[in-house]
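Commentary on secondary and tertiary structure
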Amino acid sequence: MTKLILGMGLLLAAALTTAFSCVLDVHDGYAVHAFDFDGADLEKAFPHVEVSEQTWDAAGLSALAVHNTLGHVRVAAWNETRVALTLTVRAKTQRALEEVEVELTQTPGRLAWRTRHPDAHRARWTVEYVLSVPAQMDVEVKLGAGHLEVAGLAGAIDVDLGAGEVELVDLDGALTLDVGAGEATVSGFAGPSLDVDMGVGELSVAARAGAAFEVVNVDLGTGEATLSGLRARRVSLDVGTGSLNIGLPPEADYRVELEVGIGDIDVEGFDGLTRPR
């Protein structure tokens, strides 16, 4: 039997759909709008460029970590038994380009990269990491502001984004997602657990057909959360201000707890509600 526990404050007809868009202009001093550039705009904004490529034997490796201040991080699975990195550093001036450092730390079973710059709180540069890795690798990414993409991995994924956009596709491992402000899209997810903590923005989660989870926890401060196909023993969803849209598999057996402080809740695939006393 499916049990749905619903807690709500004052219902509003209009969801707060524009709250997060203005927050993205500045985050901890960063000019976050810089990561919206692409193609010719990116080249114009950051005309000084340095590209490097490197590979590592993946034998004995089980985890990777990337800590980047401003830019893009892309991690995708491939069938090779090695790790490949294409690193692109862009800057407004040649001096700013030369001041960017990417530090690699190698410990048993783990590779970790960290971007360093003496003037980290000004958007005079941007760094892009493009990684191809074996599918079973555990991946940790911390990004101050920018765009993050992870695809096709079966290991545990731990993402911490200050402001920007996250796209996670076809993941089979446990997922921990922490976003300060922005937009997060998770599609084709089939990991054993999902834990999301998001300050302001939009969240979309779509489970892979037939996937079953142990635990799903989502905490969104302000914004909109849309979740579909969730089949878990326990689902806990909490939105402070905004809207929550959830689609539940009708044949599943689980416990669902939903709470919205101010806003709307829309539940599909469920024919009864239990309100807490």
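The written sequence of each chain sets the order in which its residues are numbered from 1. Owing to the predicted nature of the model, reporting of local features is limited to residues with pLDDT of at least 70; listing and counting of side-chain atom pairs is limited to 80 or more, with chain, interface and lining totals taken over all residues. Neither water nor hydrogens contribute to the side-chain values; these are computed over all heavy atoms in the structure.

1. Regarding the overall build of the protein
To keep things clear, this is the line we draw: Runs of H or I in DSSP of at least four residues are treated as helices and runs of E of at least two as strands, each being numbered from the N terminus. A simple rule labels every residue: compare its accessible area, found with a 1.4 Å probe on the protein chains alone, to the largest value its type can have, and call it buried under 20%, exposed over 50%, or partly exposed in between. Residue-level accessible areas treat just the shown protein chains as cover; the underlying method is Shrake-Rupley with a 1.4 Å probe.
Broken down by element type, the protein carries three helices and 16 strands. The buried share among the 277 residues of the protein stands at 44%. Here the protein displays about 12900 Å² of accessible surface, and carbon together with sulfur accounts for 48% of that area.

2. Regarding the pairing of strand 14 (residues 213-228)
What counts, and what does not: DSSP bridges decide pairing: two strands pair if at least two such bridges lie between them.
Here strand 13 (residues 193-207) pairs with strand 14 via 13 bridges, running parallel. Opposite serine 204, over in strand 14, you have threonine 226 as the bridge partner. As judged from the 14 bridges shared by strand 14 and strand 15 (residues 232-247), these two strands associate in the parallel manner. Residue pairing for strand 15: glycine 223 is matched across the bridge by glycine 242.

3. Topic: the confidence of the model for the protein
Low pLDDT means the predicted atomic positions in that stretch should not be read closely. What counts here: The predictor attaches a confidence to each residue, called pLDDT, with possible values from 0 through 100. Two residues form a contact once any of their heavy atoms are found within 4.5 Å.
In this model, the protein carries an average pLDDT of 81, and 77% of its residues clear a pLDDT of 70 or more. Confidence over residues 1-37 falls short of pLDDT 50; this stretch has 98 contacts with residues more than four positions distant or in other chains. Taken together, the stretch residues 272-277 has pLDDT below 50 and engages in eleven contacts with residues farther than four places along the chain or on a different chain.

4. Topic: the pattern of salt bridges
The condition is simple: Just to be clear on terms, a salt bridge is a Lys or Arg side-chain nitrogen sitting within 4 Å of an Asp or Glu carboxyl oxygen.
Applying the stated rule across the entire model yields eight salt bridges. For glutamate 80, the salt bridge identified is with arginine 82, shortest N-O distance 3.7 Å. For glutamate 80, a relative accessible area of 38% gives the class partly exposed. Judged by relative accessible area, arginine 82 falls into the partly exposed class, the value being 31%. A salt bridge links arginine 124 to glutamate 99; the shortest N-O distance between them is 3.7 Å.

5. Here we look at the packing of aromatic side chains
For clarity, the threshold we go by: Only centres within 6.5 Å qualify two rings of Phe, Tyr or Trp (six-membered ring in Trp) as a pair; their planes then separate them into stacked at under 30 degrees, edge-to-face at over 60, and tilted for everything else. Sitting over a ring, as applied to charges here, requires NZ of Lys or CZ of Arg to be within 6 Å of the ring centre and within 35 degrees of the ring normal.
Here the structure, examined in full by the defined rule, presents two aromatic pairs. Taking the centre distance of 5.3 Å and the plane angle of 70° together, the rings of tryptophan 56 and tryptophan 113 count as edge-to-face. Here tryptophan 56, found in strand 4 (residues 48-57), pairs with tryptophan 113, found in strand 8 (residues 110-116); they are 57 residues apart in sequence, far enough to count as distant. Like tryptophan 113, tryptophan 56 is buried. Directly above the aromatic system of phenylalanine 46 lies the positively charged group of lysine 92, at a separation of 4.9 Å from the ring centroid.

6. Some details on a negative patch on the surface
The line we're drawing: Like charges are joined within 9 Å and nonpolar side chains (Val, Leu, Ile, Met, Phe, Trp, Tyr) within 5 Å, but only among residues with over 30% relative accessible area and no salt bridge; these make up the patches. Counting rule for charge: Lys and Arg are taken as positive, Asp and Glu as negative, and neither His nor the chain ends is counted. The location of each charge is read from NZ of Lys, CZ of Arg, CG of Asp or CD of Glu.
On the surface, a cluster of negative charge is contributed by Asp158, Asp160, Asp178, Asp195, Asp197 and Asp219. Along the chain, aspartate 160 turns up in strand 11 (residues 157-169).

7. Brief notes about the pairing of strand 5 (residues 63-78)
Burial within strand 5 is extensive, with twelve of its 16 residues counted as buried. Of the strand pairs in this sheet, strand 5 and strand 8 are connected by five bridges, and their pairing is parallel. For alanine 65, the partnering residue across the bridge sits in strand 8 and is alanine 112. As paired strands, strand 5 and strand 10 (residues 138-151) are joined by 13 bridges and run parallel to one another.

8. Some thoughts on the environment of leucine 237
Of note, leucine 237 is situated in strand 15. A sequence separation of 20 residues divides leucine 237 from glutamate 257, and the C-alpha atoms of the two residues are 6.2 Å apart. With sequence-adjacent residues up to four places away left out, leucine 237 is seen in contact with Val216, Val218, Leu227, Leu244, Ile246, Glu257, Leu258 and Glu259.

9. Considering the nonpolar core
What counts, and what does not: As used in this record, nonpolar core signifies buried Ala, Val, Leu, Ile, Met, Phe, Trp, Tyr and Cys residues forming a set joined through side-chain atoms within 4.5 Å.
In terms of nonpolar packing, the biggest core is built from 63 residues, with Val83, Trp113, Leu177, Val216 and Leu237 touching the most fellow members. Each residue touching leucine 177, except ones within four places of it in the same chain, is listed here: Val159, Val166, Leu168, Ala184, Val186, Asp195, Val196 and Asp197.

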